Amino acid sequence: MDHMRQTLHNVGGQHQLKLVNFELQENHASHETQGLSHKHLVVRRGKPFKVTLLFGHQLWNPHSEILVLEVWLGDMSERIPVQLFDKGPNPPGWSAKIYPGDMRTHSATIHVCSSARSSVGLYHLLVHMETINNRKSFAVGTFVLLCNPWLRVMRVLGIPSRVVTVFNAAHDTDGSRNVEEYYSTKGEKLNLSKDSIWNFHVWVESWMRRPDLSAEFDGWQVVDPTPQEKSAGVFCCGPCPVTAVQQHFLNTPYDSSFVHASVDADIVRLIVRNGHVVGRMVETEWVGQLIYTKSIGSDKPENLTHTYKSKKMFTSIRSRLQSRQLLDGPARISPNVEVSLNVDGVPSVGDSIIICVTVANKSSRPRVLVEHLDAQLKEYNRNPRESFWRTHKLVDIQAGEVLTLYHTILPSEYEAVLAGNDIVNVAVVLKDVRTKERFLAVHEFSVSSPLITIQIEGGNNIQMKKEYTTHISFINMFPKTLSGAVLTVEGFGLLQYKHISRLVLLQPGHRIVKKVSIMATSPGTKLLMATFTHSSSPGITSRSFHKVSVQTE
């Protein structure tokens, strides 16, 4: 779908729907469907997407008019009444809601969610405004509803398949099997590289014979249903033999080199000044730290890292490559100074963040160093955004001495930009005042959200079609009063609609609570999700997920 689409039809009345914004960029990023179509909006089943309606002279009045969306696929159609956030239960199947703050003077943003069982295809979307005496209809365009059909189709065909998650997955855009990162001399990460590190990426493995390659490549094959790069001119990835990745057979067809980089690329970090590289380091263990799938018969993860990475075979090769890179680069890294960076504990929103920099001077002379630190927010799949904290100082270190330098980021220095579970990239650059050598260390961490407590009377194993009382609570552990506190509880297959509790002011040490009655309509594992927000820091959202096991008897 075009990013913005003009209305095709307008019927009667003062209302005129001038424009429909399908929020193409945001929706494609949220649904990981970038590059699949430049003509249509492509979204996944069972996951909400946004549509913004821009009106001409008069906004839709929810008190006197009913706003209804209608989706068409061939001869099938479904009408979806648009609901306000806190009004009534969700209709079965498709839903459409407007949340607080999404209604403006001449526009409204609707969050549309398809049924998880909807057919995959090209849908047409219409908007209806209905009163007792009148109805206005607007045909606004089309979108593609996408699922991840590979896993289900392969299993239906009797082919074993499983979902695999790669943590710290590299996105190598130039085929070098390295990911380059650029930093300023003050530690700020620069947006100069098209390569990136995703905090995680998901693909599918399917078990296949490979007569087209060789019997040694039989077994698990990587297939990525949401590829981020073109392969042979089209957006696809695989089927790539996992054995080819592990054994380093990177000329094997079907994207073996790209998949290898995703799980085992080296990160080359460069310090630049006035367009010149003045320092560099190579990180070999950052990418593909964990590769997991779900264990058979349980929700516990099964570690697959060893099936992709064989350290024993390639340690000597990688060491030689590293040595060549370090020596041939424009700036040599001295082995006489070592620097590392970490965060003390696991900080939570509202806590001070303690950063520890350890410097070891292994040379035979004292050094005077200038230390620069920089902290930035990091997108889950791209480079960091703006810096929100910086500091610098002089450091005197004696020959053979090891120093640990502590720095504190106060809540007041990050709460305006940092929300719960955001990823932070912090870097330190040390410069030797005499030799002009520079040394770099990088660390990424997340700030956890404040805890929401969910307790089910009688425990987490419940019977189908029986009611169970559930208590949800949030304690304000911040040293200040929170205004506009909202606690929301929802759970597909357990609750028919969202339950909301509100407080105008939530004092320090006080709690906001919500009691709900849950009832499972089908057996299996269900999830309750609780969300806490407040207007004092709108960007901070706390979420808690609680697993519920539903039995038939």
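Rules and cut-offs
- Residues numbered from 1 in each chain as written.
- Predicted model: local features only at pLDDT ≥ 70, side-chain atom pairs only at ≥ 80, totals over all residues.
- Heavy atoms only, no water.
- Phe/Tyr/Trp six-rings, centres within 6.5 Å; stacked < 30°, edge-to-face > 60°.
- Helix = DSSP H or I, 4+ residues; strand = E, 2+ residues; numbered from the N terminus.
- Buried < 20%, exposed > 50% of the residue type's maximum accessible area, 1.4 Å probe, protein only.
- Pairing = 2+ DSSP bridges.
- Axes fitted to C-alpha atoms, helices over the stretch in contact; angles between N-to-C directions.
- Arc of directions from axis to C-beta.
- Contact = heavy atoms within 4.5 Å.
- Salt bridge = Lys/Arg side-chain N within 4 Å of Asp/Glu carboxyl O.
- Polar contact = N/O pair within 3.5 Å; in protein donor to acceptor, adjacent residues only side chain to side chain.
- pLDDT = per-residue confidence, 0-100.

1. Re the packing of aromatic side chains
All told, the structure shown has 6 aromatic pairs when counted by the stated rule. With a centroid separation of 6.2 Å and an interplanar angle of 80°, the aromatic rings of F167 and Y292 are classed as edge-to-face. Here the residue F167 occupies a position in strand β11 (residues 161–171), and Y292 occupies one in strand β21 (residues 290–294), the gap between them amounting to 125 residues. Given a relative accessible area of 33%, F167 falls into the partly exposed group. Overall, Y292 belongs to the partly exposed group, its relative accessible area being 24%. On the numbers, 3.8 Å between centres and 15° between planes, the contact of F474 with F532 is stacked. Of this pair, F474 sits in strand β32 (residues 467–475) while F532 is found in strand β36 (residues 524–533), placing the two residues 58 residues apart along the sequence. Assigned by exposure class, F474 and F532 land together as buried.

2. Considerations on the sheet that holds strand β26 (residues 384–397)
Reading across from one edge, β26-β25-β28-β29 is the order of the 4 strands in this open sheet, with antiparallel pairing throughout. Of all the strands in the sheet, just β26 and β29 (438–446) have a single pairing partner and so form its edges. For this sheet, the mean angle separating the axes of adjacent strands, direction not counted, is 15°. Where strand β25 (residues 367–378) meets strand β28 (residues 423–432), 10 bridges bridge the pair, whose relative direction is antiparallel. Residue pairing for β28: L373 is matched across the bridge by V428.

3. Let's talk about helix α1 (residues 24–31)
Of the residues making up α1, those classed as buried are L24, N27, H28 and H31. Buried residues in α1, looked at end-on, bunch into an arc of 95°, giving them a common side. Contacts made by the buried residues of α1 are with β3 (41–44) and β4 (49–55). Looking at the residues trailing α1, positive phi occurs at E32, about 55°.

4. Brief notes about the pattern of salt bridges
Inspection of every chain in the model, using the stated rule, returns 12 salt bridges. When the shortest N-O distance is used, the salt bridge between D212 and R210 registers 2.9 Å. Its salt-bridge partner being E437, residue R367 comes within 3.3 Å of it at the nearest N-O pair. With a gap of 70 residues between them, R367 in strand β25 and E437 in the loop between β28 and β29 connect regions that are remote in the sequence.

5. Quick word on the side chain of S206
Considering the arrangement of structural elements, one finds S206 in strand β14 (residues 196–208). The class of S206 is buried, set by a relative accessible area of 0%. At 2.8 Å, the side chain of S206 forms a polar contact with the side chain of S161. With residues up to four places along the chain from it excluded, the contact list for S206 reads W150, M154, I159, P160, S161, G219, W220 and Q221.

6. Let's talk about the sheet that holds strand β22 (residues 301–303)
Reading across the sheet, the 6 strands line up as β18-β15-β14-β11-β21-β22 and stay open at both edges, with antiparallel pairing between neighbours. Strands at the two margins of the open sheet, each flanked by one partner only, are β18 (240–241) and β22. Pairing geometry for β11 and β14, over 10 bridges, is antiparallel. Bridging from a neighbouring strand, A169 pairs with W198 of β14.

7. Here we look at the environment of R209
Tracing the sequence through the fold places R209 in the loop between β14 and β15 (219–223). For R209, a relative accessible area of 69% gives the class exposed.

8. A word on the environment of S119
Along the chain, S119 turns up in the loop between β8 (107–113) and β9 (121–130). Taking relative accessible area as the criterion, S119 reaches 36% and is therefore assigned partly exposed. Linking S119 and L73, residues 46 residues apart in sequence, is a C-alpha distance of 8.4 Å.

9. Focus: helix α4 (residues 256–264)
Burial of α4 is extensive: 8 of the 9 residues sit out of reach of the surface. Among the residues of α4, those classed as buried are S256, S257, V259, H260, A261, S262, V263 and D264.

10. Description of the confidence of the model for the protein
Summarising the model, the protein shows a mean pLDDT of 83, and 85% of its residues fall at 70 or more. The low-confidence segment residues 1–14 (pLDDT under 50) makes 47 contacts with residues lying over four places distant or belonging to another chain. Segment residues 312–333: pLDDT under 50, and 27 contacts once partners within four positions in sequence are set aside and those in other chains are kept.

11. Notes on the pairing of β8
By the criterion of burial, β8 is predominantly enclosed, with 7 of the 7 residues buried. Here β8 shows two buried faces, one formed by S107, T109, H111 and C113 and the other by A108, I110 and V112. Relative to β8, β4 is paired through 6 bridges, and the arrangement is antiparallel. Across the sheet, V51 pairs through a bridge with I110, a residue of β8.

12. Here's the deal with unusual backbone geometry
A cis geometry characterises the amide bond from G238 onward to P239, with omega recorded as 5°. With a phi angle near 75°, Y254 is a residue other than glycine that sits in the positive phi range. If you trace the backbone, Y254 turns up in the loop between α3 (242–246) and α4.

13. Focus on the pairing of β9
With 7 of its 10 residues buried, β9 lies for the most part within the structure. The pairing of strand β5 (residues 66–73) with β9 spans 7 bridges and is antiparallel. Pairing of L69 across the sheet is with V127, part of β9.

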